[in-house]
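# Inside the fold
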Amino acid sequence: MKQMIIEGNNTLTGSILIGGAKNSAVALIPASILASGKSKIFKVPNISDRDALIEILEILNCKVLIEEDLLTIDTSNLKNTVIDEKHSKKLRASYYFMGALLGKEKYVEMYIPGGCNIGARPIDMHIDGFKALGAEVITEGNKYILKAEKLKGTDIYLRFQSVGATINLMFASVLAEGKTVIHNAAKEAEIENIADYLISMGADIKGAGTDEITINGVSSLHEGTITVIPDRIEAGTYIILGALVGKNLCIENVIPKHIEALTSKLIDMGSDIIINKNNVIISKVDNLKPTNIKTLVYPGFPTDIGQPMSVLLTQARGTSLFEETIWENRMGHVPSLNKMGANITVKGMTSMTIGPSSLHGTEVVATDLRGGAALVLAGLTATGTTIINDVEHILRGYENIEEKLTKVGAKIKIKEI
Ligand code: EPU
């Protein structure tokens, strides 16, 4: 088990370089299965979810070469074998092998995916979409078997703009016969990045990034190349950190359009923020105004930034209301924040924060990835020592966090216990 120890309340200055987006990379890596040959993915973040997906590729007899942030994935000797429960349970994104293997091999055997405990996380829309394309889906306990003689393009209507279902159904339909239209598709920035990778392999996809994606099936895909877009959630987390304890903290490699929902909130709250073409410079101010936030699908306020943002609300002067609309269990970090001195009351998927509170260090537990990131921000803001247990959750999605934060003046150490 890993533990993080933070000596808080230091002013952070300098620059933090944002890596490739986790939620793009975790789909791009499995997508490589659809290509024949050696595909290249640049700017892959160094996170444990990357390593878990590489292990699955190796189970499938693919060769993976890691050269810093470049992954070369050779699928020439792909062997379609069962993905065991230990590996599929390690992360949510293992389910992208369903769409990719179904698309390429018309047969998949794997176990239910894992991931953060932030809600029930059903995959009914993925399964219904696979069925609509002509697949038969059999469940045996925790195992799924998906098979098809052939897949045939069709119209698929998603009842909710699910990121995972949109991506998985793109994977399953790029090699299907004829035209597939995904209606009410998710519009997250990552979807376009993933479609661009498939297009580099020869796929015919139009409309990615809008709520209607049209895919004309092709008979095969050749090797592809893509650069992962900057991680808007990592960027958002560190921008919030700048508002908490920064002095001209520069967050570099940012696409400002991808984080507008956050930056416009920060402007409303009275932050000292400068938004440039590729970076954001932010400093702490003493008179932050409270605000109300409701998480929404892209381009609304991202659910994944909600937990880090909850720390900033503890520093605003007055009452802020927060409403989560995507995941029913995204308040797991609140008891820890309250233990550190915050005044947050939770009722179902909403919370009320009365600020400002002076946070103090204590021992807390990371319950999930973004909740864990929120505790890091709280620890860096608090006086005294904060000890965060179960840091593995955080390392799933924030690359080199200890190095990045130490470089800007944070006193932070991760140790094995
Ligand atoms: N949903 C269903 N049925 C489905 C699929 C989704 O009911 O078949 C529901 C979910 O339960 C949830 C909502 O639809 O209430 C949204 O789910 P979505 O499918 O969009 O989420 P996801 O693909 O599982 C990705 C990110 C999440 C991020 C969400 C929303 C990855 C690996 N995960 O999850 O990221 O919160 O989109 O933007 O891309 C994180 O990074 O911390 C994280 C949890």
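Here the structure is shown first, and the text comes after it.
Secondary structure assignment for the chain yields 14 helices and 23 strands. Here the C-alpha radius of gyration of the chain, 21 Å, is about what a compact globule of 417 residues would show, namely 22 Å. Principal-axis analysis of the C-alpha atoms gives the chain an extent of 65 × 45 × 40 Å. The contacts of the chain with a sequence gap of at least 6 include a subset with a gap of at least 24, amounting to 72%.

Another point: the nonpolar core. Of all hydrophobic cores here, the largest spans 77 residues; its most connected members are Ile41, Phe97, Met170, Phe171 and Leu198. Beyond its immediate sequence surroundings of up to four residues, phenylalanine 97 is in contact with Pro30, Ile33, Leu53, Ile56, Leu57, Leu60, Ile83, Leu102, Val108 and Met110. Counting residues in each nonpolar core, the second largest holds 65 residues, with Val280, Ala316, Leu359 and Ile412 among its members.

What follows covers the layout of surface pockets. Here the idea is plain: a probe the size of a water molecule rolls over the atoms and shows the empty space left. By volume, the largest pocket is sized at about 940 Å³. Arg121, Val163, Gly164, Ile326 and Trp327 are, among the 42 residues lining the largest pocket, the residues nearest its centre. Going through the elements one at a time, helix H1 (22-31), helix H5 (124-132), helix H6 (163-173), helix H8 (232-245), helix H10 (303-313) and helix H12 (369-381) are the ones with two or more residues in the lining of the largest pocket. Inspection of the lining of the largest pocket shows a minimum of three residues originating in each of domain 1 (2-19 + 230-416) and domain 2 (22-227). Roughly 370 Å³ of volume is contained in the second largest pocket. Within the residue set of the lining of the second largest pocket, elements represented by two or more residues are strand E2 (12-17) and helix H14 (401-407). Residue composition of the lining of the second largest pocket, by class: five nonpolar, six polar and eight charged. There are two domains that each give the lining of the second largest pocket at least three residues, and those are domain 1 (2-19 + 230-416) and domain 2 (22-227).

Turning our eyes to something else, we now look at the pattern of salt bridges. Going through the model one piece at a time under the given rule, you end up with 15 salt bridges. Put simply, arginine 396 and aspartate 49 hold a salt bridge, and the shortest N to O gap is 2.9 Å. Placement of the pair is arginine 396 in the loop between helix H13 (392-395) and H14 and aspartate 49 in helix H2 (residues 48-59), with a sequence separation of 347 residues. With respect to burial, arginine 396 and aspartate 49 carry one shared label: buried. Connected through shared salt-bridge partners, Glu109, Glu140 and Lys143 make up one network.

Our next topic: the packing of H1 against helix H7 (residues 189-200). Where H1 contacts H7, the axes come no closer than 9 Å and their chain directions differ by 25 degrees. Between H1 and H7, the angle falls in the class roughly parallel. Crossing of H1 against H7: the hand is right-handed. Touching Asn23, Ser24, Ala27, Leu28 and Ala31 of H1 are Glu190, Asn193, Ile194, Tyr197 and Leu198, all from H7. For the contact of H1 with H7, the per-class residue count stands at six nonpolar, three polar and one charged.

Analysis parameters
Residues numbered from 1 in each chain as written. Predicted model: local features only at pLDDT ≥ 70, side-chain atom pairs only at ≥ 80, totals over all residues. Heavy atoms only, no water. Helix = DSSP H or I, 4+ residues; strand = E, 2+ residues; numbered from the N terminus. Rg over C-alpha atoms; globule rule 2.2 N^0.38 Å. Contact = heavy atoms within 4.5 Å. Core = buried A, V, L, I, M, F, W, Y, C linked by side-chain atoms within 4.5 Å. Buried < 20%, exposed > 50% of the residue type's maximum accessible area, 1.4 Å probe, protein only. 1 Å grid on protein atoms, 1.4 Å probe; cavity = no way out; pocket = protein on both sides within 12 Å on 5 of 7 lines; lining within 4 Å. Points joined across faces, edges and corners; volume = space filled by probe spheres on them. Domains from an automatic or database assignment. Nonpolar A, V, L, I, M, F, W, Y, C, P; charged D, E, K, R; others polar. Salt bridge = Lys/Arg side-chain N within 4 Å of Asp/Glu carboxyl O. Axes fitted to C-alpha atoms, helices over the stretch in contact; angles between N-to-C directions. Parallel < 35°, antiparallel > 145°, perpendicular 65-115°, else oblique. Left-handed = near helix turned anticlockwise from the far one by under 90°.

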